[in-house]
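# Survey of secondary and tertiary structure
Residues per chain, in single letters:
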Amino acid sequence: MDYKKAGVDIEAGYKAVELMKKHVQGTMRSEVLNGLGGFSGAFSLAPFMAMKKPTLLSGTDGVGTKLKLAFLMDRHDTVGIDCVAMCVNDVACAGGEPLFFLDYIACGKNVPEKIAAIVSGVAEGCKQAGAALIGGETAEMPGFYPEDEYDLAGFTVGIAEEEEMITGSNLKAGDVLVGIASSGIHSNGYSLVRRVFPMERAALNRYHESLGGTLGEVLLTPTKIYVKALSALKAGGVTVKGCSHITGGGFYENIPRMLKDGVHAFVKKDSYEVPAVFRMLAKDGGIEEQMMYNTYNMGIGMMIAVDAKRADEAVRLLKAAGETAYIVGEIKDGEKGVTLC
(Lines give C-alpha, C1' and ligand atoms only; values in the text may rest on other atoms or scores of the structure.)
Protein backbone atom coordinates (compact mmCIF):
# COMPACT_ATOMS: atom_id res chain seq x y z
CA MET A 1 0.00 0.00 0.00
CA ASP A 2 1.22 3.51 -0.78
CA TYR A 3 -0.21 7.05 -1.07
CA LYS A 4 -1.04 6.65 -4.78
CA LYS A 5 -3.02 3.48 -4.13
CA ALA A 6 -4.87 5.40 -1.41
CA GLY A 7 -5.96 7.87 -4.10
CA VAL A 8 -3.40 10.68 -3.84
CA ASP A 9 -1.02 11.02 -6.80
CA ILE A 10 1.96 13.15 -5.74
CA GLU A 11 3.46 13.00 -9.23
CA ALA A 12 0.26 14.43 -10.70
CA GLY A 13 0.57 17.29 -8.24
CA TYR A 14 4.10 18.03 -9.44
CA LYS A 15 2.94 17.99 -13.06
CA ALA A 16 0.04 20.33 -12.30
CA VAL A 17 2.43 22.85 -10.75
CA GLU A 18 4.67 22.72 -13.83
CA LEU A 19 1.73 23.21 -16.18
CA MET A 20 0.36 26.19 -14.26
CA LYS A 21 3.67 28.06 -13.96
CA LYS A 22 3.37 29.74 -17.35
CA HIS A 23 -0.03 31.15 -16.40
CA VAL A 24 1.09 32.34 -12.98
CA GLN A 25 4.20 34.06 -14.34
CA GLY A 26 2.08 36.44 -16.39
CA THR A 27 0.51 37.91 -13.23
CA MET A 28 3.71 38.95 -11.50
CA ARG A 29 4.24 42.46 -10.12
CA SER A 30 7.55 44.06 -9.22
CA GLU A 31 6.69 43.82 -5.51
CA VAL A 32 6.65 40.00 -5.56
CA LEU A 33 9.79 38.71 -3.85
CA ASN A 34 9.73 35.00 -4.55
CA GLY A 35 8.52 32.54 -7.17
CA LEU A 36 5.90 29.82 -7.24
CA GLY A 37 6.56 26.77 -5.09
CA GLY A 38 7.67 28.24 -1.77
CA PHE A 39 5.88 27.72 1.52
CA SER A 40 4.54 31.28 1.42
CA GLY A 41 4.23 34.16 -0.98
CA ALA A 42 6.24 37.28 -0.21
CA PHE A 43 5.13 40.75 -1.29
CA SER A 44 7.03 43.95 -0.51
CA LEU A 45 5.12 46.95 0.83
CA ALA A 46 8.11 49.25 0.41
CA PRO A 47 6.64 51.03 -2.65
CA PHE A 48 3.61 52.05 -0.59
CA MET A 49 5.45 53.56 2.35
CA ALA A 50 4.94 57.09 1.01
CA MET A 51 1.21 56.79 1.71
CA LYS A 52 -0.01 58.77 4.71
CA LYS A 53 -2.10 55.98 6.22
CA PRO A 54 -1.75 52.82 4.11
CA THR A 55 -4.66 50.53 4.88
CA LEU A 56 -4.86 46.86 3.92
CA LEU A 57 -8.14 45.49 2.61
CA SER A 58 -8.95 41.82 2.15
CA GLY A 59 -11.58 39.68 0.51
CA THR A 60 -12.31 35.98 0.22
CA ASP A 61 -14.93 34.04 -1.70
CA GLY A 62 -15.60 31.04 -3.89
CA VAL A 63 -17.46 30.28 -7.09
CA GLY A 64 -20.34 28.33 -5.57
CA THR A 65 -22.55 25.92 -7.48
CA LYS A 66 -21.72 27.58 -10.80
CA LEU A 67 -18.97 24.96 -10.74
CA LYS A 68 -21.61 22.31 -11.42
CA LEU A 69 -22.04 23.84 -14.89
CA ALA A 70 -18.30 23.67 -15.47
CA PHE A 71 -18.39 19.97 -14.60
CA LEU A 72 -21.33 19.29 -16.92
CA MET A 73 -19.79 21.18 -19.83
CA ASP A 74 -16.24 20.03 -19.08
CA ARG A 75 -15.14 23.66 -19.31
CA HIS A 76 -12.72 24.73 -16.60
CA ASP A 77 -10.82 27.77 -17.90
CA THR A 78 -13.34 30.47 -16.91
CA VAL A 79 -14.38 29.71 -13.34
CA GLY A 80 -11.03 30.96 -12.07
CA ILE A 81 -11.95 34.41 -13.37
CA ASP A 82 -15.14 34.19 -11.32
CA CYS A 83 -13.16 33.30 -8.22
CA VAL A 84 -10.84 36.28 -8.59
CA ALA A 85 -13.68 38.65 -9.47
CA MET A 86 -15.72 37.81 -6.40
CA CYS A 87 -12.77 38.75 -4.19
CA VAL A 88 -11.16 41.71 -5.95
CA ASN A 89 -14.45 43.46 -6.69
CA ASP A 90 -15.17 43.58 -2.96
CA VAL A 91 -11.78 45.17 -2.33
CA ALA A 92 -12.20 47.61 -5.24
CA CYS A 93 -15.62 48.81 -4.11
CA ALA A 94 -14.02 49.86 -0.80
CA GLY A 95 -11.51 51.96 -2.75
CA GLY A 96 -8.66 49.47 -2.67
CA GLU A 97 -6.11 48.34 -5.23
CA PRO A 98 -5.81 44.53 -5.20
CA LEU A 99 -2.18 43.57 -4.70
CA PHE A 100 -2.04 39.80 -4.66
CA PHE A 101 -4.23 36.71 -4.77
CA LEU A 102 -4.08 33.11 -3.55
CA ASP A 103 -6.31 30.26 -4.68
CA TYR A 104 -7.41 26.97 -3.13
CA ILE A 105 -8.52 24.01 -5.24
CA ALA A 106 -9.82 20.85 -3.59
CA CYS A 107 -10.51 17.92 -5.89
CA GLY A 108 -11.37 14.26 -5.86
CA LYS A 109 -8.68 13.41 -8.38
CA ASN A 110 -5.79 15.60 -9.52
CA VAL A 111 -5.87 15.69 -13.31
CA PRO A 112 -2.95 18.04 -14.06
CA GLU A 113 -4.40 19.40 -17.29
CA LYS A 114 -7.70 20.23 -15.59
CA ILE A 115 -5.97 21.91 -12.64
CA ALA A 116 -3.84 23.93 -15.05
CA ALA A 117 -6.97 25.01 -16.93
CA ILE A 118 -8.56 26.21 -13.68
CA VAL A 119 -5.43 28.13 -12.74
CA SER A 120 -5.25 29.67 -16.22
CA GLY A 121 -8.60 31.30 -15.43
CA VAL A 122 -7.37 32.44 -12.03
CA ALA A 123 -4.31 33.97 -13.71
CA GLU A 124 -6.48 35.72 -16.32
CA GLY A 125 -8.62 37.20 -13.55
CA CYS A 126 -5.50 38.39 -11.75
CA LYS A 127 -4.24 40.06 -14.92
CA GLN A 128 -7.57 41.86 -15.32
CA ALA A 129 -7.35 43.03 -11.71
CA GLY A 130 -3.65 43.88 -11.75
CA ALA A 131 -3.05 41.47 -8.86
CA ALA A 132 -0.17 39.01 -8.58
CA LEU A 133 -0.99 35.33 -8.15
CA ILE A 134 1.62 34.62 -5.48
CA GLY A 135 0.53 31.22 -4.20
CA GLY A 136 -2.17 28.66 -3.72
CA GLU A 137 -2.97 25.10 -2.78
CA THR A 138 -4.26 22.09 -4.67
CA ALA A 139 -5.59 19.43 -2.33
CA GLU A 140 -6.39 15.98 -3.72
CA MET A 141 -9.05 14.51 -1.43
CA PRO A 142 -10.25 11.09 -2.65
CA GLY A 143 -13.40 9.91 -0.95
CA PHE A 144 -14.31 13.46 0.01
CA TYR A 145 -15.01 14.78 -3.50
CA PRO A 146 -16.13 12.74 -6.52
CA GLU A 147 -13.23 12.12 -8.89
CA ASP A 148 -14.53 14.51 -11.57
CA GLU A 149 -15.47 17.37 -9.21
CA TYR A 150 -13.62 20.11 -7.32
CA ASP A 151 -14.17 23.23 -5.26
CA LEU A 152 -12.48 26.56 -5.86
CA ALA A 153 -12.00 29.50 -3.51
CA GLY A 154 -9.61 32.41 -3.19
CA PHE A 155 -8.30 35.24 -1.09
CA THR A 156 -6.98 38.68 -1.99
CA VAL A 157 -5.25 41.54 -0.19
CA GLY A 158 -5.40 45.13 -1.42
CA ILE A 159 -4.28 48.54 -0.24
CA ALA A 160 -5.82 52.00 0.00
CA GLU A 161 -5.01 55.38 1.46
CA GLU A 162 -7.27 55.50 4.49
CA GLU A 163 -8.74 58.90 3.60
CA GLU A 164 -9.51 57.69 0.07
CA MET A 165 -11.50 54.64 1.11
CA ILE A 166 -15.09 54.50 -0.16
CA THR A 167 -17.28 54.42 2.94
CA GLY A 168 -20.50 56.23 2.06
CA SER A 169 -19.94 58.65 4.93
CA ASN A 170 -20.25 61.75 2.73
CA LEU A 171 -23.34 60.68 0.79
CA LYS A 172 -26.11 63.26 0.65
CA ALA A 173 -29.52 63.78 -0.90
CA GLY A 174 -29.18 64.63 -4.57
CA ASP A 175 -26.23 62.34 -5.25
CA VAL A 176 -26.69 60.26 -8.38
CA LEU A 177 -26.53 56.46 -8.74
CA VAL A 178 -24.57 55.10 -11.69
CA GLY A 179 -24.87 51.42 -12.53
CA ILE A 180 -22.05 49.59 -14.28
CA ALA A 181 -23.28 46.71 -16.40
CA SER A 182 -22.66 43.11 -15.43
CA SER A 183 -21.53 40.41 -17.84
CA GLY A 184 -24.50 38.24 -16.91
CA ILE A 185 -25.49 36.26 -13.84
CA HIS A 186 -21.92 36.40 -12.45
CA SER A 187 -21.50 33.86 -9.59
CA ASN A 188 -24.59 34.10 -7.42
CA GLY A 189 -27.94 32.34 -7.44
CA TYR A 190 -26.87 29.25 -9.34
CA SER A 191 -28.68 26.87 -7.01
CA LEU A 192 -31.88 28.47 -8.31
CA VAL A 193 -30.57 28.60 -11.89
CA ARG A 194 -29.96 24.85 -11.76
CA ARG A 195 -33.51 24.25 -10.57
CA VAL A 196 -35.03 26.30 -13.39
CA PHE A 197 -32.95 25.29 -16.41
CA PRO A 198 -32.40 21.62 -17.35
CA MET A 199 -28.88 20.64 -16.39
CA GLU A 200 -28.28 18.39 -19.39
CA ARG A 201 -25.65 18.86 -22.08
CA ALA A 202 -28.19 18.91 -24.91
CA ALA A 203 -30.14 21.74 -23.27
CA LEU A 204 -27.00 23.66 -22.29
CA ASN A 205 -25.60 23.40 -25.82
CA ARG A 206 -28.81 24.64 -27.44
CA TYR A 207 -28.49 28.03 -29.15
CA HIS A 208 -30.99 30.73 -28.14
CA GLU A 209 -31.33 33.70 -30.45
CA SER A 210 -32.55 35.87 -27.58
CA LEU A 211 -29.36 35.11 -25.65
CA GLY A 212 -27.02 35.41 -28.61
CA GLY A 213 -25.38 32.10 -27.70
CA THR A 214 -25.98 28.72 -26.15
CA LEU A 215 -27.53 28.58 -22.70
CA GLY A 216 -24.41 26.96 -21.29
CA GLU A 217 -22.09 29.62 -22.73
CA VAL A 218 -24.22 32.41 -21.30
CA LEU A 219 -24.47 30.78 -17.87
CA LEU A 220 -20.70 30.20 -17.74
CA THR A 221 -19.84 33.78 -18.76
CA PRO A 222 -17.24 34.92 -16.21
CA THR A 223 -17.98 37.58 -13.61
CA LYS A 224 -16.87 41.03 -14.72
CA ILE A 225 -13.92 42.53 -12.87
CA TYR A 226 -14.40 46.23 -12.07
CA VAL A 227 -10.98 47.15 -10.67
CA LYS A 228 -9.80 49.09 -13.73
CA ALA A 229 -13.19 50.77 -14.18
CA LEU A 230 -13.08 52.20 -10.67
CA SER A 231 -9.43 53.16 -11.14
CA ALA A 232 -10.43 55.08 -14.27
CA LEU A 233 -12.91 57.14 -12.26
CA LYS A 234 -10.27 57.95 -9.67
CA ALA A 235 -7.73 58.87 -12.35
CA GLY A 236 -10.35 61.09 -13.99
CA GLY A 237 -10.92 63.01 -10.76
CA VAL A 238 -14.42 61.68 -10.05
CA THR A 239 -14.93 60.85 -6.38
CA VAL A 240 -16.95 57.70 -5.78
CA LYS A 241 -18.92 58.46 -2.62
CA GLY A 242 -20.55 55.06 -2.26
CA CYS A 243 -20.06 51.73 -3.99
CA SER A 244 -21.80 48.37 -3.90
CA HIS A 245 -20.77 45.10 -5.51
CA ILE A 246 -24.09 43.50 -6.47
CA THR A 247 -23.61 39.87 -5.48
CA GLY A 248 -25.77 37.41 -3.53
CA GLY A 249 -28.81 39.24 -2.20
CA GLY A 250 -29.12 41.37 -5.30
CA PHE A 251 -30.21 45.00 -5.06
CA TYR A 252 -32.12 44.70 -1.82
CA GLU A 253 -29.27 43.38 0.31
CA ASN A 254 -26.25 44.98 -1.30
CA ILE A 255 -27.22 48.58 -2.12
CA PRO A 256 -28.02 49.44 1.53
CA ARG A 257 -24.49 48.30 2.46
CA MET A 258 -23.07 51.36 0.69
CA LEU A 259 -25.35 53.81 2.48
CA LYS A 260 -24.93 55.71 5.73
CA ASP A 261 -27.83 56.15 8.14
CA GLY A 262 -30.32 58.80 7.06
CA VAL A 263 -30.14 58.32 3.29
CA HIS A 264 -32.19 56.14 0.96
CA ALA A 265 -31.40 54.89 -2.55
CA PHE A 266 -34.02 55.07 -5.30
CA VAL A 267 -33.36 52.97 -8.41
CA LYS A 268 -35.39 53.31 -11.62
CA LYS A 269 -35.91 49.85 -13.03
CA ASP A 270 -36.57 51.17 -16.55
CA SER A 271 -33.31 53.17 -16.69
CA TYR A 272 -31.38 50.33 -18.32
CA GLU A 273 -32.01 47.13 -20.26
CA VAL A 274 -32.22 43.97 -18.14
CA PRO A 275 -30.24 41.22 -19.98
CA ALA A 276 -32.22 38.48 -21.70
CA VAL A 277 -30.90 35.70 -19.47
CA PHE A 278 -32.63 37.23 -16.45
CA ARG A 279 -35.91 37.60 -18.32
CA MET A 280 -35.69 33.98 -19.45
CA LEU A 281 -34.87 32.81 -15.93
CA ALA A 282 -37.81 34.69 -14.43
CA LYS A 283 -40.23 33.43 -17.10
CA ASP A 284 -39.14 29.79 -17.15
CA GLY A 285 -38.92 29.60 -13.37
CA GLY A 286 -42.04 31.60 -12.57
CA ILE A 287 -39.88 33.77 -10.31
CA GLU A 288 -41.46 36.96 -9.00
CA GLU A 289 -39.76 40.26 -9.76
CA GLN A 290 -39.01 41.04 -6.12
CA MET A 291 -37.22 37.70 -5.76
CA MET A 292 -35.20 38.32 -8.93
CA TYR A 293 -33.94 41.66 -7.60
CA ASN A 294 -33.30 40.06 -4.21
CA THR A 295 -31.18 37.26 -5.72
CA TYR A 296 -29.46 38.52 -8.87
CA ASN A 297 -27.58 41.55 -10.15
CA MET A 298 -30.20 42.01 -12.91
CA GLY A 299 -27.60 43.48 -15.25
CA ILE A 300 -25.87 45.87 -12.83
CA GLY A 301 -22.73 44.35 -11.34
CA MET A 302 -21.45 47.44 -9.54
CA MET A 303 -23.47 50.41 -8.27
CA ILE A 304 -21.75 53.68 -7.45
CA ALA A 305 -22.92 57.02 -6.08
CA VAL A 306 -21.34 60.29 -7.25
CA ASP A 307 -22.05 63.99 -6.97
CA ALA A 308 -24.81 64.98 -9.37
CA LYS A 309 -22.50 67.42 -11.17
CA ARG A 310 -20.07 64.60 -11.98
CA ALA A 311 -22.57 61.91 -13.01
CA ASP A 312 -22.34 62.46 -16.76
CA GLU A 313 -18.55 62.60 -16.53
CA ALA A 314 -18.53 59.35 -14.57
CA VAL A 315 -20.53 57.63 -17.31
CA ARG A 316 -18.17 59.03 -19.95
CA LEU A 317 -15.07 57.84 -18.10
CA LEU A 318 -16.55 54.39 -17.59
CA LYS A 319 -17.43 54.08 -21.25
CA ALA A 320 -13.90 55.18 -22.18
CA ALA A 321 -12.65 52.37 -19.91
CA GLY A 322 -14.71 49.87 -21.91
CA GLU A 323 -17.68 49.61 -19.58
CA THR A 324 -21.39 50.11 -20.18
CA ALA A 325 -22.80 52.48 -17.58
CA TYR A 326 -26.17 54.07 -16.87
CA ILE A 327 -27.56 56.76 -14.62
CA VAL A 328 -30.09 54.66 -12.74
CA GLY A 329 -31.29 56.64 -9.73
CA GLU A 330 -30.51 58.98 -6.89
CA ILE A 331 -29.96 59.34 -3.17
CA LYS A 332 -32.61 61.00 -1.02
CA ASP A 333 -33.03 61.66 2.67
CA GLY A 334 -34.82 58.88 4.50
CA GLU A 335 -34.43 55.60 6.30
CA LYS A 336 -31.42 53.60 5.16
CA GLY A 337 -32.55 51.23 2.41
CA VAL A 338 -33.41 50.94 -1.27
CA THR A 339 -36.59 51.41 -3.29
CA LEU A 340 -37.00 50.14 -6.83
CA CYS A 341 -39.42 52.29 -8.78
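Going by the structure above, here's the rest.
If you tally the helices and strands in the chain, you get twelve helices and twelve strands. Here the chain has a C-alpha radius of gyration of 21 Å; the compact-globule value for 341 residues is 20 Å, and the two agree. By its C-alpha atoms, the chain is 70 × 55 × 30 Å across when sized along the principal axes. On the chain, roughly 15,600 Å² of surface is accessible, and the fraction owed to carbon and sulfur atoms is 51%.

Bringing the layout of surface pockets into the picture now. Roughly 580 Å³ of volume is contained in the second largest pocket. Looking at the second largest pocket, it is lined by 30 residues, and the ones nearest its centre are G95, G96, E164, I166 and K234. Counting only elements with at least two residues in the lining of the second largest pocket, the list comes to β4 (150-161) and α8 (227-235). When residues of the lining of the second largest pocket are assigned to their parent elements, the largest contribution, six residues, is made by α8. For the lining of the second largest pocket, a count of residues per class yields twelve nonpolar, ten polar and eight charged.

On to α8, then. An α-helical turn contains 3.6 residues, so any two residues separated by three or four positions project in the same direction. Those residues of α8 lying buried are V227, A229, L230 and L233. Those residues of α8 that are buried lie in contact with α3 (79-92), β2 (97-107), α4 (112-129), β8 (242-245), β10 (300-306) and α12 (311-320). After α8 finishes, the residue G237 shows a positive phi value of roughly 85 degrees.

This part is about α4. Taking 1.5 Å of rise per residue, 18 residues should cover 26 Å, and α4 covers 25 Å from first to last C-alpha, within 8% of that figure. Of all 18 residues in α4, 13 are buried, a share of seventy percent or more.

Bringing the sheet that holds β8 into the picture now. Strand order across the open sheet formed by six strands is β8-β10-β5-β11-β9-β12, with mixed pairing between neighbours. Both edges of this open sheet fall to β8 and β12 (337-340), since each of them pairs with a single strand only. With strand direction ignored, the average angle separating the axes of adjacent strands in the sheet is 25 degrees. Where strand β5 (residues 176-181) meets β10, six bridges bridge the pair, whose relative direction is antiparallel. Among the inter-strand pairings, V178 is bridged to a residue of β10, identified as I304. α12 contacts β5, β10 and β11 (325-333) of the sheet and is inclined by roughly 145 degrees relative to β11.

Along the chain, A160 turns up in strand β4. A C-alpha to C-alpha distance of 6.5 Å links A160 and L56, two positions 104 residues apart in sequence. When sequence neighbours within four positions are dropped, the list of residues in contact with A160 reads M51, K53, P54, T55, L57, G95, G96 and M165.

Glancing now at the pattern of salt bridges. Throughout the structure, instances matching the rule amount to 15 salt bridges. For R310, the salt bridge is made with E313, and the minimal N-O distance between the two is 2.8 Å. Judged by relative accessible area, which is 28%, R310 ranks as partly exposed. E313 sits in the partly exposed class, given a relative accessible area of 25%. Several salt bridges share partner residues, and in doing so they unite K172, D175, K241 and D307 into one network.

This model, assessed by the stated rule, comprises six aromatic pairs. Over the face of the ring belonging to F266 we find K332, whose NZ or CZ atom lies 4.9 Å from the ring centre.

With that out of the way, let us pick up the packing of α8 against α12. At a minimum axis distance of 9 Å, the contact between α8 and α12 shows a crossing angle of 130 degrees. Relative to α12, the element α8 lies oblique. As for the relative orientation of α8 and α12, their crossing is right-handed in sense. Across the interface between the two elements, A229, A232 and L233 from α8 touch A314, L317 and L318 from α12. In the contact of α8 with α12, the residues fall into six nonpolar, no polar and no charged.

Parameters at a glance
Positions within a chain are numbered from 1, following the residues in the order the chain's sequence is written. With pLDDT at 70 or above as the cut-off, local features in this predicted model cover only qualifying residues; side-chain atom pairs require 80 or more to be listed or tallied, and sums for whole chains, interfaces and linings still use all residues. Each side-chain value is derived from all of the structure's non-hydrogen atoms; neither hydrogens nor water enter the calculation. The secondary structure listing takes helices from DSSP runs of H or I that are at least 4 residues long and strands from runs of E that are at least 2 residues long, numbered from the N terminus. Every radius of gyration here is taken over C-alpha atoms, with the globule rule written as 2.2 Å times N^0.38, N being the number of residues. Values of accessible area rely on a 1.4 Å probe in the Shrake-Rupley scheme; residue burial ignores everything except the protein chains shown. Definitions used throughout: a 1 Å grid over protein atoms alone; a cavity as a set of points that fits a 1.4 Å probe which cannot get out; a pocket as an open set with protein on both sides within 12 Å along at least five of seven lines; a lining residue as one with an atom within 4 Å of a point. Grid points are joined across faces, edges and corners, and a volume is the space filled by probe spheres set on the points. The nonpolar class holds Ala, Val, Leu, Ile, Met, Phe, Trp, Tyr, Cys and Pro. Asp, Glu, Lys and Arg form the charged class, and all remaining residues, Gly among them, are polar. Summary of the burial criterion: residues with accessible area below 20% of their type's maximum are buried, those above 50% are exposed, and those between are partly exposed, where the area comes from a 1.4 Å probe applied to protein chains only. Between two residues, a contact is recorded if the distance between any of their heavy atoms is within 4.5 Å. Expected helix span is computed as 1.5 Å times (number of residues minus one). Only when DSSP finds a minimum of two bridges between them are two strands counted as paired. Comment: axis = line fitted to C-alpha atoms, over the contacting stretch for helices; angle = value between 0 and 180 degrees taken between N-to-C directions. One speaks of a salt bridge when a side-chain nitrogen belonging to Lys or Arg is within 4 Å of a carboxyl oxygen belonging to Asp or Glu. By convention, a stacked pair of Phe, Tyr or Trp rings (six-membered ring in the case of Trp) has centres within 6.5 Å and planes under 30 degrees apart, an edge-to-face pair has planes over 60 apart, and any other such pair is tilted. Only lysine NZ and arginine CZ atoms are considered, and such an atom sits over a ring when it is within 6 Å of the ring centre and within 35 degrees of the ring normal. Geometric relationships in this document are graded by angle, where less than 35 degrees denotes roughly parallel, more than 145 denotes roughly antiparallel, 65 to 115 denotes roughly perpendicular, and other angles denote oblique. Throughout, a crossing is termed right-handed when the near helix is turned clockwise from the far one, and left-handed when it is turned anticlockwise from it by less than a right angle.

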